[in-house]
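# Overview (structure and organization)
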Amino acid sequence: MYQWDFAPVFAHWPLLAQGLVNTLKVTALSLSCGLVLGLMLALLRLSPRRWLSWPAGFVIEVFRTTPPLVQLFWFFFALPLIVGVEMTPLLAAVVTFSIQSAAFFAEVFRAGIVSIERGQWEGALAIGMSHRQALRRIVLPQAVTRMIPAFLERAIELMKTTTLVATIAYADLLFAANDIAQKTFRPLETFTVVALIYFVVIFGFSLLARRLERRLAVGGEATVH
Amino acid sequence: MTILHVRGLIKRYGTVEVLHGIDLDVERGERIAILGASGSGKSTLLRCLNFMEMPTAGEIVLDDKAVGRRERDLIAVRQRVGMVFQQFNLFPHMTALGNVMEGLRTVRRWSAAEARARAEKELARVGLADKAQTYPAHLSGGQKQRVAIARALAMDPELLLFDEPTSALDPELVGEVLNVIRSLADEGRTMLLVTHELGFAYHVATRVIFLADGRIHEQGTPDEVLKHPRMERTRAFLASHRQFSF
Ligand SMILES: Nc1ncnc2c1ncn2[C@@H]1O[C@H](COP(=O)(O)OP(=O)(O)OP(=O)(O)O)[C@@H](O)[C@H]1O
Ligand SMILES: [Mg+2]
């Protein structure tokens, strides 16, 4: 009969805490950069000029169709050979996951923007707005409301995907777990605890997300005609 | 004084030509009702005047200058030529007041206080002062259309375009919108109005244009066109419309 003993694991709680902070850091940074970059990609993609829309489409497709681990390794091991600058694990992780999220968000933004009826553009243009003003003041605010569920889902996916950074020795939660498991010879307890931490954080977040979605659905003002 | 000249306006969608060279001068203070069967090109004509559709050929002349196609030119025209749509096209994420303020804030760059004061005035004019803080989702169709009219008026347009402003409304809500349009007519505003409300056109318009197959088929005073039409197709159109009373 296996004797469970969590004490050695909890003794290393600062490592776990630092790991969790690092995980959240990569997730938050990648999400925010990904949102900004994703909007830019979406606008390029929607441009009537092919020399703008095609490269954007290419980037989006490449990052949607290659495995995240391959992307991560490429930015960590391969890119430095071209640009001649060492990548820190954090930088490689943030760059990879930002562009990858951007490719995903670009499609969400694009779908959101084209889902706004033509009449909204016309209402805006007819009072003398420029295309850019119509986008910023009228179309995007409505599109973003419709995109919130997709954003939240992506945030959760991303937090799970960030565990890949452990493979390039970035001290995220999973990396800390591996470290502790080897120090304490208690892999069972360690990985159980870490799985629980992920569960609590992600489940908590998804509960919040669902509440937010319901609030938006009930509020209605912004979405109902 | 002529506000707007239209010269040889042609509109094609692909290979299909829907406007075959329209010539039209709009004088200040004129109220022109545009009639015609479905598909005759009424909306297309109106929408070319503020460049919601790009004319394929021909010119729209404002201030003796043909309007260019750069965004700067289009913006200038649209600030002077307001449009009210059949489907209102209100911004659902803004209150009635926000809708009316929007052009003043974003396009004219007025301060919030100035824009608010002006927007409140326009809402009061269409009888909706008490709905300022209401979102479009909670307004009736007639109220929505009145907000849309206030939104267009706030920009001080020299010419107002109405494309079947009451067609999407329940019959009992048509009156309140027509009353607002009539009050604008009484102020002497220049307007082009596509409508199937023949009685309204008769009483409010100064000129009636009958469009058929993308051409101006017949035009004249309301009395000439609606009561004594010369062309066979105009007569057929009027006959096919349900009985209307002058
Ligand atoms: N975007 C478009 N693409 C192709 N054809 C179009 C387009 N818009 C209008 N048309 C065609 O142009 C013609 C004129 O249309 P328009 O909407 O101007 O007619 P209308 O007189 O306003 O009709 P209704 O009374 O039904 O509103 C129609 O035959 C229509 O099918
Ligand atoms: Mg029409």
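Residues numbered from 1 in each chain as written. Chains lettered and ligands numbered in written order. Predicted model: local features only at pLDDT ≥ 70, side-chain atom pairs only at ≥ 80, totals over all residues. Heavy atoms only, no water.

### Description of the overall build of chain A
- Helix and strand counts for chain A stand at nine helices and zero strands.
- Helices (α) and strands (β) of chain A occur, in sequence order from the N terminus, as α-α-α-α-α-α-α-α-α.
- With the principal axes as the frame, chain A shows a C-alpha extent of 75 × 50 × 25 Å.
- Counting every position in chain A, which comprises 225 residues, the buried fraction comes to 43%.
- Summed over its atoms, the accessible surface of chain A is roughly 12,100 Å², and 70% of this surface lies on carbon and sulfur atoms. (Helix = DSSP H or I, 4+ residues; strand = E, 2+ residues; numbered from the N terminus. Buried < 20%, exposed > 50% of the residue type's maximum accessible area, 1.4 Å probe, protein only. Areas by Shrake-Rupley, 256 points an atom, 1.4 Å probe, with all protein chains shown as cover.)

### A short note on the site of ligand 1
Residue and element names in this part refer to chain B.
- For ligand 1, the full set of nearby residues is Tyr13, Val18, Ala37, Ser38, Gly39, Ser40, Gly41, Lys42, Ser43, Thr44 and Glu164.
- Separating an oxygen atom of ligand 1 from a side-chain N or O atom of lysine 42 is a distance of 2.8 Å.
- One of the side-chain N or O atoms of glutamate 164 is found 3.4 Å from an oxygen atom in ligand 1.
- In the complex, the protein chains occlude 58% of the 640 Å² of accessible area that ligand 1 would expose alone.
- No other element matches the three residues that helix α1 (residues 42-49) contributes to the shell around ligand 1.
- For the shell around ligand 1, the per-class residue count stands at three nonpolar, six polar and two charged. (Near = heavy atom within 4 Å. Polar contact = N/O pair within 3.5 Å; in protein donor to acceptor, adjacent residues only side chain to side chain. Nonpolar A, V, L, I, M, F, W, Y, C, P; charged D, E, K, R; others polar.)

### Remarks on a positive patch on the surface
- A cluster of basic residues, Arg210, Arg211, Arg214 and Arg215 of chain A, forms a positive patch on the protein surface.
- With respect to the element layout, arginine 211 of chain A can be found in helix α9 (residues 187-219). (Patch = residues over 30% accessible without salt bridge, like charges linked within 9 Å, V, L, I, M, F, W, Y side chains within 5 Å. Salt bridge = Lys/Arg side-chain N within 4 Å of Asp/Glu carboxyl O. Lys, Arg positive; Asp, Glu negative; His and termini not counted. Charge placed at Lys NZ, Arg CZ, Asp CG, Glu CD.)

### A word on the pairing of strand β1 (residues 2-13) of chain B
Residue and element names in this part refer to chain B.
- As defined by bridge partners, β1 adjoins strand β2 (residues 16-27) across nine bridges and the pair is classed as antiparallel. Within the sheet, the bridge partner assigned to leucine 9 lies in β2 and is isoleucine 22.
- The hairpin turn running from β1 into β2, its antiparallel successor, is two residues long, and glycine 14 in that turn takes a positive phi close to 65 degrees. (Pairing = 2+ DSSP bridges.)

### Points about helix α3 (residues 50-65) of chain A
Residues and elements named next belong to chain A.
- A rise of 1.5 Å per residue sets the reference length of α3, with its 16 residues, at 22 Å; its end C-alpha atoms lie 22 Å apart and thus fit the reference within 8%.
- Looking at α3, one finds that the buried residues are Ser53, Ala56, Gly57, Ile60 and Phe63. Take α3 and look down its axis: the buried residues cluster within an arc of 140 degrees, on one side only. For α3, the exposed residues set more than 90 degrees away from the buried face come down to Arg50, Trp51, Trp54, Phe58 and Thr65.
- Among the structural elements, α2 (13-46), α4 (68-83) and α5 (89-114) are those in contact with the buried residues of α3. (Expected span 1.5 Å × (residues − 1). Arc of directions from axis to C-beta. Contact = heavy atoms within 4.5 Å.)

### Notes on the environment of phenylalanine 175 of chain A
All names here are of chain A.
- With respect to the helices, strands and loops of the structure, phenylalanine 175 is situated in helix α8 (residues 173-184).
- The class of phenylalanine 175 is partly exposed, set by a relative accessible area of 29%.
- When the C-alpha atoms of phenylalanine 175 and leucine 15 are compared, they prove to be 9.6 Å apart, with 160 residues separating the residues in sequence.
- Apart from the residues within four sequence positions on either side, phenylalanine 175 is in contact with Ala166, Ala169 and Tyr170.

### Here we look at the packing of helix α5 (residues 141-153) of chain B against helix α6 (residues 171-186) of chain B
Residue and element names in this part refer to chain B.
- The geometry of α5 relative to α6 is characterised by a closest axis approach of 8 Å and an angle of 20 degrees between their N-to-C directions. Classified by the angle between their axes, α5 and α6 sit roughly parallel to one another. In the packing of α5 onto α6, the handedness of the crossing is right-handed. Together, Gly141, Gly142, Gln143, Gln145, Arg146, Ile149 and Leu153 of α5 and Leu173, Glu176, Val177, Val180, Ile181 and Leu184 of α6 make up the contact between the two elements. (Axes fitted to C-alpha atoms, helices over the stretch in contact; angles between N-to-C directions. Parallel < 35°, antiparallel > 145°, perpendicular 65-115°, else oblique. Left-handed = near helix turned anticlockwise from the far one by under 90°.)

### Observations regarding the sheet that holds strand β10 (residues 215-220) of chain B
All names here are of chain B.
- Here six strands make up an open sheet; going across it, the order is β6-β7-β8-β3-β9-β10 and the pairing mixed. Only two strands of the sheet have a single partner each, and these edge strands are β6 (81-84) and β10. On average, adjacent strands in this sheet sit at an angle of 20 degrees to one another, irrespective of strand direction.
- Examined bridge by bridge, strand β3 (residues 31-36) and strand β9 (residues 207-212) share five bridges and lie parallel to one another. When the bridges of β9 are listed, alanine 33 appears paired with valine 208.
- Lying over the sheet, helix α2 (residues 71-80) contacts β6 and β7 (159-163), oriented at roughly 70 degrees with respect to β6.

### Considerations on the interface of chain B and chain A
- With 28 residues of chain B at the contact, the number on the chain A side is 22 residues.
- Between chain B and chain A, a total of about 2,100 Å² is buried, with carbon and sulfur atoms accounting for 58% of that surface.
- Our enumeration of links across chain B and chain A arrives at nine residue pairs in polar contact (both at pLDDT 80 or more).
- Elements that contribute at least two residues to the side of chain B that touches chain A include exactly α2, β6, α3 (96-107) and α5 of chain B.
- Among the residues forming the side of chain B that touches chain A, the class breakdown is 13 nonpolar, seven polar and eight charged. (Buried area = accessible area lost by both parts, 1.4 Å probe.)

### Section: the UniProt feature "domain: ABC transmembrane type-1" (unreviewed entry) in chain A
- The residues that UniProt annotates with the feature "domain: ABC transmembrane type-1" (unreviewed entry) are residues 20-209 of chain A.
- Taken end to end, residues 20-209 of chain A is 84% helix and 0% strand, and its first and last C-alpha atoms sit 20 Å apart. (UniProt positions renumbered as here; feature names shortened; annotations may be inferred.)

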